[in-house]
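# Analysis of the macromolecular model
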Amino acid sequence: MEEWKDVPGYEGLYQVSDQGRVRSFPRVVVEWDPRWGSQRERRIKGRTLTPFQSGKGYLQVALHRDGRGDRFYVHQLVLIAFIGPCPDGKECCHGNGNPADNRLENLRWGTKTENLMDAVRHGTFGLGEDHHKAKLTEEDVRSIRLLYKRRIPGHGAESVAKQFGVCPNNIRAIVQGKTWRHVK
């Protein structure tokens, strides 16, 4: 059976469920009506909110209070309502790697390292050229290492970095095996 709890800070206005759904209560709001130059009451029906997706696939909702709206991640609302505030140094972890699965059984507070290890385990962590910020391909990395291995004059970290459009520190880290370790 789905369990509902008040959203902390929005008691009496919104609730979140252990299944990752958010609903609003019926209420009356007073707002300024510019057509009549006065305030008027408007009734708002209670309903289950339709979340929208962030660029990375996380579901968000907009909650309104005192004439102001703020966006919240659904996974954070679930954890805060059912488990409590986020402890220092922790973040939300999705157990199955699906950022849209906000069921309480799939969520926990964990460290950044635990979250990254989860991403590696689910295959959602972009490694090498699959990483969203990658500027190099695996073939580029092999070429960089080959240039260093042959000790070709004029192919130091600065010139190779310029050739591949990265900084010299990236080149040194590749050659020393600190990054791109998975490429042989």
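Let us look at the structure shown here. (Residues numbered from 1 in each chain as written. Predicted model: local features only at pLDDT ≥ 70, side-chain atom pairs only at ≥ 80, totals over all residues. Heavy atoms only, no water.)

When its secondary structure is counted, the protein chain shows five helices and 11 strands. A compact globule built from 184 residues would reach a C-alpha radius of gyration of about 16 Å, whereas the protein chain, at 25 Å, exceeds it by more than 25%. Its C-alpha atoms give the protein chain principal-axis dimensions of about 80 × 45 × 25 Å. Here the protein chain holds 184 residues, and 32% of them are scored as buried. The protein chain carries 31 positive and 22 negative side-chain charges, and their two centres are separated by 6 Å. (Helix = DSSP H or I, 4+ residues; strand = E, 2+ residues; numbered from the N terminus. Rg over C-alpha atoms; globule rule 2.2 N^0.38 Å. Buried < 20%, exposed > 50% of the residue type's maximum accessible area, 1.4 Å probe, protein only. Lys, Arg positive; Asp, Glu negative; His and termini not counted. Charge placed at Lys NZ, Arg CZ, Asp CG, Glu CD.)

Once that is clear, we can look at helix H5 (residues 168–175). Here H5 has its buried residues at Ile171, Ala173 and Ile174. Down the axis, H5 shows its buried residues gathered within 165 degrees of arc, on one side only. Buried residues belonging to H5 abut helix H3 (138–150) and helix H4 (157–164). (Arc of directions from axis to C-beta. Contact = heavy atoms within 4.5 Å.)

Right, let's talk about the sheet that holds strand S3 (residues 22–24) for a bit. Pairing is antiparallel across the open sheet formed by four strands, whose spatial order is S1-S2-S3-S6. Both outer strands of the open sheet, strand S1 (4–6) and strand S6 (47–48), are each paired with one neighbouring strand and no more. Bridging between S3 and S6 involves two bridges; their strand directions are antiparallel. Note that in S6 the partner of Arg23 across the bridge is Thr48. Strands in contact with helix H1 (residues 74–82) are S1, strand S2 (14–17) and S3; relative to S2, the strand with the most contacts, it is inclined by about 90 degrees. (Pairing = 2+ DSSP bridges. Axes fitted to C-alpha atoms, helices over the stretch in contact; angles between N-to-C directions.)

The next subject is H4. Those residues of H4 lying buried are Ala157, Val160, Ala161 and Phe164. Buried residues in H4, looked at end-on, bunch into an arc of 105 degrees, giving them a common side. Of the surrounding secondary structure, the elements contacted by the buried residues of H4 are H3 and H5. Gly165 lies just past H4 and shows a positive phi near 70 degrees.

We now examine the nonpolar core. Core analysis: the biggest nonpolar cluster contains 19 residues, and Val7, Tyr14, Val16, Val22, Val61, Leu63 and Leu77 have the highest contact counts within it. Within the residue set of this core, elements represented by two or more residues are S2, strand S8 (59–65), H1 and strand S11 (107–110). Those residues in contact with Val16 that sit more than four places away from it in its chain are Glu3, Trp4, Lys5, Val7, Arg21, Val22, Leu77, Val78, Ala81 and Phe82. Within the second largest apolar cluster, 14 residues are counted, among which are Leu136, Tyr148, Phe164 and Ile171. (Core = buried A, V, L, I, M, F, W, Y, C linked by side-chain atoms within 4.5 Å.)

We now examine the packing of aromatic side chains. Enumeration according to the criterion identifies three aromatic pairs in this entry. Its guanidinium or amino end placed over the ring of Trp4, Arg23 lies 4.0 Å from that ring's centre, counting from NZ or CZ. Positioned over the ring face of Tyr10 is Arg65, at 4.2 Å from the centre of the ring. (Phe/Tyr/Trp six-rings, centres within 6.5 Å; stacked < 30°, edge-to-face > 60°. Lys NZ or Arg CZ within 6 Å of the ring centre and 35° of its normal.)

This brings us to the pattern of salt bridges. Within this structure, the stated rule accounts for 13 salt bridges. A salt bridge links Glu138 to Arg142, with the nearest nitrogen and oxygen atoms 3.7 Å apart. One end of the pair, Glu138, and the other, Arg142, are both in helix H3, four residues apart, so they sit about a helical turn from each other. With a closest N to O distance of 2.8 Å, Glu158 and Arg172 form a salt bridge. With Glu158 in helix H4 and Arg172 in helix H5, the pair connects residues that are 14 residues apart, well separated along the chain. You can call Glu158 partly exposed: its relative accessible area is 48%. Accessibility expressed as a relative area gives 31% for Arg172, which makes it partly exposed. In this structure, a network of salt bridges that share partners links the residues Glu31, Asp33, Arg35, Arg40 and Arg42. (Salt bridge = Lys/Arg side-chain N within 4 Å of Asp/Glu carboxyl O.)

All right, on to unusual backbone geometry then. If you check the backbone angles, Trp180 has positive phi at about 55 degrees while not being a glycine. With respect to the helices, strands and loops of the structure, Trp180 is situated in the segment after H5.

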